[in-house]
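Residues per chain are reported as follows:
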Amino acid sequence: LEWIDAFVDAAMIGSGMGPVNPLHTNTGKIFASFYAIFSGIVFITNIGILFTPIAHKIFKKMDLE
């Protein structure tokens, strides 16, 4: 594969978005890749923010700070 096609595939697999419909322009491939990476980072951040109070209560019950 060309580097741009490999980058698109790696970004989609790494972010959990799965297979990609064929993208025909390099600009579209780069946009889709960075959007997938950005979406993955936002998802992980939101999960961390959501579970922080729960983890805090568990650690407090166990007397861990």
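Asks: Got a minute to help me understand the overall build of the chain in this structure?
Replies: What the chain contains, in helices and strands, is 2 helices and 0 strands. For 65 residues, the compact-globule estimate of 2.2 N^0.38 gives 11 Å, and the chain exceeds it by more than 25% at 18 Å. Counting all 65 residues of the chain, 14% fall into the buried class. For the chain, the centre of its 4 positive side-chain charges and the centre of its 5 negative side-chain charges are spaced 18 Å apart.

Asks: It is not clear to me how the packing of aromatic side chains should be interpreted in this structure. Could you clarify?
Replies: Taken as a whole and judged by the stated rule, the model has 2 aromatic pairs. Their ring planes at 20° and their centres at 5.8 Å tell us that phenylalanine 31 and tyrosine 35 sit as a pair that is stacked. In this pair, phenylalanine 31 and tyrosine 35 are both assigned in helix α2 (residues 26–61), 4 residues apart and thus about one turn of the helix distant.

Asks: I'm lost on the environment of isoleucine 4 in this one. Help?
Replies: By secondary structure assignment, the location of isoleucine 4 is in helix α1 (residues 3–14). With relative accessibility at 3%, the residue isoleucine 4 sits in the buried group. Remark: the alpha-carbon pair of isoleucine 4 and threonine 27, spanning 23 residues in sequence, is separated by 9.8 Å. Dropping the residues within four chain positions of it, isoleucine 4 is found in contact with Asn26, Lys29 and Ile30.

Asks: Looking at this structure, I do not really get α1. What am I missing?
Replies: Each α-helix winds once per 3.6 residues, and so residues spaced three or four apart point in a common direction. Under the 1.5 Å per step criterion, the end-to-end length of α1 is 16 Å for 12 residues, consistent within 8% with the ideal 16 Å. Listing the buried residues of α1 in full gives Ile4, Val8, Ala11 and Met12. What you see down the axis of α1 is that its buried residues fit within an arc of 95°, all on one side. α1 presents Trp3, Ile13 and Gly14 as exposed residues on the side facing more than 90 degrees away from its buried surface. Buried-residue contacts for α1 involve α2. In the stretch just after α1, glycine 16 is the one whose phi turns positive, near 80°.

Reading guide: rules and limits
Residues numbered from 1 in each chain as written. Predicted model: local features only at pLDDT ≥ 70, side-chain atom pairs only at ≥ 80, totals over all residues. Heavy atoms only, no water. Helix = DSSP H or I, 4+ residues; strand = E, 2+ residues; numbered from the N terminus. Rg over C-alpha atoms; globule rule 2.2 N^0.38 Å. Buried < 20%, exposed > 50% of the residue type's maximum accessible area, 1.4 Å probe, protein only. Lys, Arg positive; Asp, Glu negative; His and termini not counted. Charge placed at Lys NZ, Arg CZ, Asp CG, Glu CD. Phe/Tyr/Trp six-rings, centres within 6.5 Å; stacked < 30°, edge-to-face > 60°. Contact = heavy atoms within 4.5 Å. Expected span 1.5 Å × (residues − 1). Arc of directions from axis to C-beta.

Spatial relationships are all this shows, so hold off on functional conclusions.
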